[in-house]
Amino acid sequence: EDQVTQSPEALRLQEGESSSLNCSYTVSGLRGLFWYRQDPGKGPEFLFTLYSAGEEKEKERLKATLTKKESFLHITAPKPEDSATYLCAVRLSNDYKLSFGAGTTVTVRA
Amino acid sequence: DGGITQSPKYLFRKEGQNVTLSCEQNLNHDAMYWYRQDPGQGLRLIYYSQIVNDFQKGDIAEGYSVSREKKESFPLTVTSAQKNPTAFYLCASSISTNQPQHFGDGTRLSIL
């Protein structure tokens, strides 16, 4: 079954138009939630790890937050170079592996 | 620069042929992984290795094989038993299995 669901599938933004991406998960015993950025034809680039509800991490125009059931990736005043596919993944308490969502493709127009 | 190198970037397989994808890392990471990425789907784990000379099957290991003879290297062989091999293959590594994984830039495999 699907354990990690990302929404929306695609997001088109005007430069400077802030928005949020959602990653919801249906598992219990979360041992970590990871956000990655992936450019076309490239491998994912690690952005953040979140471990507990209420935790927040920031990097430039990106801010990731975590609740007990979902995580948000907020993009503030995006620029065209923020265009990419953003992936989230979760690790369970008794598992070694990451379960990935299908990603949200963000396009920022100048 | 430290990183993960995958080669080749593009690979074509003929029917009945085995092909091997290379993955090398100079990050001194113990754990290495192979994923498959298909359009509209999340990354799926093929194999992983926590340490040299040891590896385990992931969710979709059928039709694939790996070896881990050196810490730096984790090659993936796509065998003729894999009937739908067309995909983007990603190799990753991490300091240990509970640390963030870092990825190479992938190999795109197609059928001739």
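Residues numbered from 1 in each chain as written. Chains lettered and ligands numbered in written order. Predicted model: local features only at pLDDT ≥ 70, side-chain atom pairs only at ≥ 80, totals over all residues. Heavy atoms only, no water.

Peer 1: Go over the environment of Phe74 of chain B with me, naming the residues and quoting the values.
Peer 2: Residue and element names in this part refer to chain B. By secondary structure assignment, the location of Phe74 is in the loop between β7 (64-66) and β8 (76-78). With relative accessibility at 0%, the residue Phe74 sits in the buried group. Once the C-alpha coordinates of Phe74 and Arg108 are considered, the two residues, 34 residues apart in sequence, prove to be 17 Å apart. Leave out the neighbours within four places in its chain, and Phe74 touches Cys23, Met32, Tyr33, Trp34, Tyr47, Tyr48, Ser49, Phe55, Val66, Ser67 and Arg68. (Helix = DSSP H or I, 4+ residues; strand = E, 2+ residues; numbered from the N terminus. Buried < 20%, exposed > 50% of the residue type's maximum accessible area, 1.4 Å probe, protein only. Contact = heavy atoms within 4.5 Å.)

Peer 1: Now, about the environment of Ile111 of chain B: what can you tell me, with residues and values included?
Peer 2: Residues and elements named next belong to chain B. When you line up the elements, Ile111 lands in strand β11 (residues 107-111). Overall, Ile111 belongs to the partly exposed group, its relative accessible area being 40%. Residues Ile111 and Lys83, spaced 28 residues apart in sequence, show a C-alpha to C-alpha distance of 10 Å. The contacts of Ile111, once residues within four sequence positions are left out, are Arg13, Pro85 and Thr86.

Peer 1: Help me get a handle on the interface of chain A and chain B, residues and values and all.
Peer 2: The interface of chain A with chain B comprises 19 residues on the first partner and 23 residues on the second. A buried area of about 1,600 Å², summed over both sides, lies between chain A and chain B, and 52% of it is on carbon and sulfur atoms. Our count for the contact surface shared by chain A and chain B stands at two salt bridges. The closest approach of N and O atoms between Lys97 of chain A and Asp59 of chain B, which form a salt bridge, is 2.5 Å. When contributions to the side of chain A that touches chain B are tallied by element, the ones reaching two or more residues are β4 (30-38), β5 (45-50), β9 (84-92) and β10 (98-100) of chain A. Top element by residues in the side of chain A that touches chain B is β4 of chain A. It accounts for four residues. Of the residues belonging to the side of chain A that touches chain B, the class tally is 10 nonpolar, five polar and four charged. (Buried area = accessible area lost by both parts, 1.4 Å probe. Salt bridge = Lys/Arg side-chain N within 4 Å of Asp/Glu carboxyl O. Nonpolar A, V, L, I, M, F, W, Y, C, P; charged D, E, K, R; others polar.)

From the geometry alone we can't say anything about function, so treat these as descriptive.
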